[in-house]
Structures are given as C-alpha cells and as structure tokens.
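This is what each chain is made of:
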Amino acid sequence: MSLLRVEDLSLWFGGVRAVDGVSFAVEKGEVFTIIGPNGAGKTTVINVISRLLYPRAGRIDFDGRDLLAAPAHGVIARGIARTFQNLELFEHATVMQNLLLGRHRHRTTDFVSEMLFLPRVRAAEREHRERVEAVIDFLDLHRHRDSLVAGLPYGVRKIVELGRALASEPRLLLLDEPAAGLNPEETADLAFWIEDMVADLGITILMVEHDLALVNEVSDRVLVMNQGQAIARGAPAEVQRDPKVIEAYLGA
Amino acid sequence: MNGLAVGAIYGLVALGFVLIYKATEVVNFAQGDLLMLGAFIAWTLIVPLGLPYIVAFVLTVAAMAVVGAALDRFVMRPIIGQPHFAGIMLTIGLAFSIRGIASLVWGPQERGLPTPFAQQPRNIGGILVQDATLAIAGVTALLCLLLFFFFRRTRLGIAMQAASQNQLAAYLMAIPVKSVFTLTWAIAAAVAGIAGILIAPLLAVELNLWVIVLKGFAAAVLGGFGSIPGAILGGLLIGVAEQLVGVYEPSAKGITAYVVLLAVLFAFPRGLLGEPLGKRV
Amino acid sequence: MRYVFKTSHDQDIHLLRHNRDWWWYAALAAALAALPLLISPYYVGELAFIFVLAIASVGLMLLTGFTGLISLGHGAFLLIGAYVEAHALGAGIPLPLSLVLAMLAAGAVGVLLGIPALRLTGLYLAIATLAFSEIVEHLFSHWKFLSAGETFLTVPNPRVLGVRFGGGTGYYYLALGLLAGTILVCLNLLRAPTGRAFIALRDSPIAAETLGVALARTKALAFALSAAIGGLAGALYAHKISTLTAESFNVLLSLQLLMMVVVGGLGSIKGAVLGAVFLGLLDPAIARIKDYLPSSIGEQSGLQLALYGLVLVFFVLFEPSGLSGRWSKIKAYFQAFPIYRRATFKRTKAYMTSERMR
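Residues numbered from 1 in each chain as written. Chains lettered and ligands numbered in written order. Predicted model: local features only at pLDDT ≥ 70, side-chain atom pairs only at ≥ 80, totals over all residues.

A few words on the interface of chain C and chain B. Each partner contributes to the interface: chain C provides 47 residues, whereas chain B provides 49 residues. The set of elements that each furnish at least two residues to the side of chain C that touches chain B consists of helix 6 (122-142), helix 11 (251-264) and helix 14 (300-318) of chain C. Partitioning the side of chain C that touches chain B into residue classes produces 31 nonpolar, nine polar and seven charged. (Contact = placed C-beta atoms within 7 Å. Helix = DSSP H or I, 4+ residues; strand = E, 2+ residues; numbered from the N terminus. Nonpolar A, V, L, I, M, F, W, Y, C, P; charged D, E, K, R; others polar.)

What follows concerns the sheet that holds strand 8 (residues 204-208) of chain A. Residues and elements named next belong to chain A. One open sheet accounts for six strands, arranged 6-7-8-3-9-10; its pairing is mixed. The sheet is open, and its two borders are formed by strand 6 (80-82) and strand 10 (229-234), each paired with just one other strand. When the angles between neighbouring strand axes are averaged without regard to direction, this sheet yields 20°. Examined bridge by bridge, strand 3 (residues 31-35) and strand 9 (residues 221-226) share four bridges and lie parallel to one another. Paired with T33 across the two strands is V222, which belongs to strand 9. Across the sheet, helix 1 (residues 42-49) lies against strand 3, strand 6, strand 7 (172-176), strand 8 and strand 9, angled at about 145° from strand 7, the strand it touches most. (Pairing = 2+ DSSP bridges. Axes fitted to C-alpha atoms, helices over the stretch in contact; angles between N-to-C directions.)

On to the interface of chain C and chain A. Contact residues are listed per partner, giving 26 residues for chain C and 34 residues for chain A. Looking at which element gives the most residues to the side of chain C that touches chain A, the answer is helix 8 (residues 193-203) of chain C, with seven residues. Along the lines of polarity and charge, the residues of the side of chain C that touches chain A split into 15 nonpolar, seven polar and four charged.

Moving on, we come to helix 9 (residues 212-223) of chain B. The end-to-end C-alpha distance of helix 9 of chain B is 16 Å, a good match for the 16 Å that twelve residues give at a rise of 1.5 Å each. Of all twelve residues in helix 9 of chain B, twelve are buried, a share of seventy percent or more. When helix 9 of chain B is considered as a whole, its buried residues turn out to be I212, V213, L214, K215, G216, F217, A218, A219, A220, V221, L222 and G223 of chain B. Those residues of helix 9 of chain B that are buried lie in contact with helix 1 (2-24), helix 2 (31-46), helix 10 (228-248) and helix 11 (256-267) of chain B together with helix 6 of chain C. Trailing helix 9 of chain B by a residue or two, G224 of chain B shows a phi angle of about 105°, which is positive. (Expected span 1.5 Å × (residues − 1). Buried ≥ 20, exposed ≤ 12 C-beta atoms within 10 Å, placed from the backbone.)

Here the focus is helix 2 (residues 21-38) of chain C. Given a rise of 1.5 Å per residue, 18 residues ought to cover 26 Å, and the 25 Å separating the end C-alpha atoms of helix 2 of chain C matches this to within 8%. Here helix 2 of chain C lies mainly on the outside; zero of its 18 residues are buried.

Below, the discussion takes up the packing of helix 4 (residues 75-90) of chain C against helix 5 (residues 95-114) of chain C. All names here are of chain C. At a closest axis distance of 8 Å, the pairing of helix 4 and helix 5 adopts a crossing angle of 145°. Of the two possible hands of crossing, helix 4 and helix 5 adopt the one that is right-handed. Facing helix 4, whose interface residues are F77, I80, G81, V84, E85, A88 and L89, helix 5 presents S98, L99, L101, A102, M103, A105, A106, V109 and G110. Within the contact of helix 4 with helix 5, the residues separate by chemical class into twelve nonpolar, three polar and one charged. (Left-handed = near helix turned anticlockwise from the far one by under 90°.)

Counting residues in hydrophobic clusters, the biggest one holds 289 residues, and the most contacted among them are A39 and L261 of chain B. Sequence-distant contacts of L261 of chain B, defined by excluding residues within four places in its chain, comprise F217, A218 and V221 of chain B together with I127 and A131 of chain C. (Core = buried A, V, L, I, M, F, W, Y, C linked by C-beta atoms within 7 Å.)

Right, let's get into the sheet that holds strand 1 (residues 4-13) of chain A. Residues and elements named next belong to chain A. With antiparallel pairing, the four strands of this open sheet are ordered in space as 2-1-4-5. Looking at the sheet topology across the chains shown, the edges are occupied by strand 2 (16-26) and strand 5 (65-66). Note: strand 1 against strand 2, seven bridges, orientation antiparallel. Note on strand 2: the bridge partner recorded for L9 is V22.

And the structure:
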C-alpha cells in the first residue's frame, strides 16, 4: 500500500483551476518530485496535503487513512512535516527555539504543570533538547544554535526550516522548492541530506523543485504538472524526454 | 436626519483612515485628533481672527494638509517597512501628542464654532432639513467624487494604488513611494480638517472630539476596511443606527457603534464592501 | 560578550544564563524587602503601585509581546478584576480567595474574547479589543447590578494575617510577592512548549499550524492567562484607589499599559517591569515639573498627555527594542569594550508587501 495516495485532486481559485484532477501515489522510502513550469499548481498540491487549503474535489489517503478529515494542525501528528517555498520561520526566536517547536507534536506536558515547571516538565525539556541535538548534528547547525533567526544568511535559514521539520520525526517530508536560492555548494549538501534522510532516517520525501540537476540526482520518480494537470510521470530521465513535457517548458 | 449628518462625519473620519490604510497599511489612531485640530484651527481663524467662514474653511484645509504631510515626512517615514504594531503605537503616540499640545495651546474649555448656516430648517418635499445637514451631505458627496476621480483616473492616483499593494515593486517602477505616502497623509489630514469644521453645528469644539476616532473605526470596519465608498456607507449606517437606538434605549446609544463593530468583525470581517484578507505561502 | 560554556541541557533550561546573576537578583530582592523599613509610607505606597502596574504590564506583555496579539483594551480586565474583588470582599470572602475569584472572572472574560477573536488578525483584533473594552466600561457604569447601585463602589479594607491592608506595608509585600510569582510563572511558560507556541503564533501562525500548534486553543489560552493576570492587577489596584468608578479604567489606562509594554521592549518580561517602572515614575515626575512651569503650560492633564505622546513617539522611532533592548546594548558595550561595534544591532532595511490578496 502506498504511503500517500492522491486521487483526482481538484482545487479552483475563483475561475482558475489551480489543480485539475491530479492523481499520484508516493511509496514508502522513495523520493518523489513534482516538477513543472511556474503556476503549474505544484505548491498548491503541497498546501492541500498539509491542509492549509481545502480541495474542491478528490481524495488524499495517508497510510490508508483519509487525510482530508484531519485539521491543519493535526497533519503533523499523522507524521507529515513540511517546509515552505518562501520560508516561514519564527524570525524573532533563536534557531534552538525554532527547532524545539518542531518537537511540539511530541509534547507531553500541559500548561498548568508548565507554569509550575514541575520536574516532569524539566525532564521532558531535556528529552526534547536531546532529540534536537541529533538534528543539529545531522545538519551541522552547531554554530547557529543560539542565534536569532532574523540575522542569519538565507542558506542557513533554509537549513533551519528543514531541521525544524526533521525535529518532528516525520514519516513523510514535504519540501517546497528546497534548493531555491541556494548556491551550488549548498545544493550539493542538500542532495546529500536528502539521501541520508531516506537511507538513515527512513523518511519518505515528496518535493517540488525547479533545479533539474538536483531532481535527476535524488529522485526516484517524477511527476510533471502543467496548468494544474498531471501530464507525465515516471523516472526522471524518461520524463524529461517526453515531448509533452518539453512542450510545457518551452511553451507551444 | 440628524443621524445621517453625524453618520456622514463618521464616514469622513473613516475615509481618512481607509486612505492611509490603503496606502501604508498603517491604522491612523490620530485621525480623531486631526479632526479636533482642524476644528480648533478653524475656530481660531473665525473667532479671534475674524475671518469669513469660507476663507477659514479653505485655510484650515490647507493648514491640515501641511500638518498631515509634515507628520508623515518627519514621524511616520522612519518606520516604513516595520510591522504593523510599530505603526499603531506611533499613531497612538501622535494622537496623545496632538491632544496634549492642543490642550496646552487652547485650554480645556468648550467653544462654539459660528457657522453661516441658518438655524431654521427648510422644507424640502415635506421633510424638514437643516442647512447644515445639506452642507455636510453636499461636501461629503463632492469629496467622494473628487477622490474617486483622483484614484481611478489620474496617474498619481493609480501610482498611489500601486504603492499600496506592493512597495518594492512600486519603487522599482520609479514610483516615489515615500512621497506618495506623504501625499496620502496630507489628503487624509485635510479630510479630517473638513470633518472637523463640518462637525461644528453638531458638537462643540473641544478636546474630547477625538473619541470620534472610535466611531470612525466602526464605520470603516462596517464598510470594509479597504474600501473608500464603504467607509462613507459604514458611517451613514452607524449614524442612523445610533439615532434609532437613542430613541428606544438612550443609555445604549453610546455603545451602538462598538456593538456593530464587534458584530461585523465576528460575523463577516470583510465588511460590506471590503476585500478578502489572506497570505500566500 | 560573556561566553557561556555549555555542558548540559540544564543550562539552557535554566532561568538565568549565568549563575552569577543570581547574586544580583538576590540583592535586588533583599533591597526591595528592606525598603519599607527605610523610606516613608508615601513612597512605599507609590512603589507598591508600581508593582501592581508591573503585574498588569507582564500580563499584557505575554499577550502582545510574546503571542503577538495586540490588545488595546486591556484595562477592561483590570476593571473586571477590581469589581469582582470589591464585591467578593463585600460579600465576606477572605482576601486570597477574592483575588483568585478576580483572576478567574477576568480570565473567563478573556476566553470569551479570545474565542471569537480567533479569526481576526493583527489590526482587526486590535480594534475589536478596543470596542470590547468600551462596551465593558459602559456596562459597568450603567448596570446597577454590577456597580451595586452606586455611582462608585467602595472597596473594603480587610485584615490579612492581622495586618491592616490598604496602602500599608502589608499591601507592599503582597504586591511584591504577587509580582515575583507572576514573573516566575510567565518565565516558566516561556521556557516550555506553551511559551514557544505563543512565540510561534506571533511570528508565523501558518508554520505554527503545520507544526501542530492548535491556533484556536493557543490564542484562547494566551487571552485567558493575560486577562487573569490583568484581573489580579485590577484587584490589587482596587485597594489602592479604594473607590471604584468605571471611568478610572477607561481607554487611557489601556493605552498606558500598552505604553509600558512598548517602552519596556516587546518580547521581554524584564521589559514589562522596566516599562511599568518608567511610567510609574513618569507621572510623579510630571507633577513635579508642573510646579516649575508657568501656569499656562502647567495645566496638568494636557502636559501629561503631550509627554506620553512624545515618549511613545520617541521610543517607537529611536528605541524600538525599548528599555530592555537599550539595557542589553549597554551591557554588550561594556562586555565587548573596546571592540564594540554599533552596527551589531543595526537592522536591515525592509520592504513591506501587502497582506491583502488583491
């Protein structure tokens, strides 16, 4: 059974069909990438999966359960975390606080015991910080641990957002244009991290990306979207040879 | 009729907010104090200096435009680009400052502003209407028409709209965004000044005139916060609503506007003619 | 900078970054405890009043500084707390319990405001809170039931542990103790998931949701806590002014609280206290200045308003991180001396794109 199954998804913004009858399935342990020209509806698909938007029609099953029944803040409890195209970091907090917020779904304490800072709150805090350390090690964020996010360079901020998503220990990670704005070195690091996440952490990845070199390097399967519709799918190399795809990118 | 007149004033106050908000995304809490300042300036021109009403009217509007422009240029400009909260606190600070300085200059006593309008209402089609009400309605309508044409038809107006929607893009298109803001403040202050003069037949010229800012909020919210015609419409509706409530339950008249405001915000925050809010991620 | 060499998570969890700071705070506590023995009762009362203001300020800071919800009508919660305290004491309920009741009442109303306010953002929420507080003030001055049939309500002056209350040293220590408790509770929240959820709500509600923060519940909680703290402050305030009218809790009070939060520095508990101290000292200072000015300028309420306005404008324009921010910068200067760079704290230029869709 596929980890994520999207069937006939449709979403309209007014008269614009942002997503039009899109179907695909993501298998456990694979890297599945959605590519396509701008405005194809790729980010919209991600936004629907993370339940920030409600579709007009269609079905999404995660791990056999209907995902559309979950509220926006319940998606992460199911095991799905995400990053954002334009970065949605907590600017006036430190990197550490951002990462700790990634642990929010694993919270075991209530606000009353937190107000009194009972011993079990302290123990829980230590536990959360231990887990976050693992993420910091993985992404090499040691230097920036206590820095305020607002002052950090763009590349580092992207990594922090990735770390925040990882801290929640997801099963499926949605990455929205993770390589956008990164230089070649940073993109190479990203490719390594994606491979490591799949191999070592057992995470399945669904990503939207424009950088075709990266797509070719890490993806197992690719879905091409154009103007809201899925026009091709398969292995990266064969999809890029498909005449419909070439036409979509170069324009008719 | 009185409700409509008061409502038109509320609408003018709301209009000033909406202008500034549309352009700069700052809510100007000092709008009521600008109205008060306009009223005081007009009083000073008419009573101690003895100028004719029309002359005082024009001079007040001009003076208020200068004040508005100066406030933007020297106080509001430095915080361009900062989050909304800074703007709110700054305009609250301005509101206090204007009120405090006005109190020091003019003192706390109430004053009446003499107007050329007849005290006796005239009979129009069987309804008794005050001259003052006609003047308020007329000026408000004229102002709306002028602003409509300005924003829709002139280059400057369209440039102002552009600056309000995306500052960076407007800069890149060689629109002098900062000057646009200053102009917006000048217009909004002038509108406040006009409202301040027009309010004279209805209320005395005194320090507490600033409270009208709260009614202006209610009007702007009811009409839809980004909408200029909405502001006027909202004002009129609130003015009428207040008058009706005053008839049935006089003690509740004062909070009618606030109840309406909360009801609108909770039930349909877009207001009557407003725009959808949202953020693209 | 003083560098902290970390060897355990506990150092991060701990309330203070440097152990040496304990000595400073202990010294401060000792000084404040000894003060009533050294200065005249008038000043003790004034200082107690500042503590009460600080409690309200901390409550508002939690809501506005940390959760990012702008409340222009916080005075309403103080109003509710004050009236409940007066009624409770009048009904014979002992003092500690009356304070709890005041907090619960204010907190409940806070939740009531928090729930519908969920869908409102920034500016709209601010305006809604303003309208709300106007309505509350109106209700309390017109509903006979709430004001017990009087135009003003007198606050009973009970004995606590054998000590007469109102305005004396008992009041001072109670206010100080409650302030310390409030600060501790808030600091605890802020180093735990709830506090982080508040900050997440402030900085990016969208991201917060995708991380599992239930926006509705969190906003309601922020309102409830902040309102309850305001209620506590209001209940204490009631004893200071001893006759209550709804007008004493009008918009001006709400805006004064907001000033404390801004002047102190948003996002800092220390700032809340500093802001309250600043404002608490400003009023008497204005009263003093008045005596030296010619009578035309010395007319007090205008002077007070003008100075408030100028202070607020000054801080927003020149000291956006408030007194606590300035304090941090001064400390950084001395610690980095002589290699301090002013550009350390310079912010980058920002362009704002509209949050509107059209």
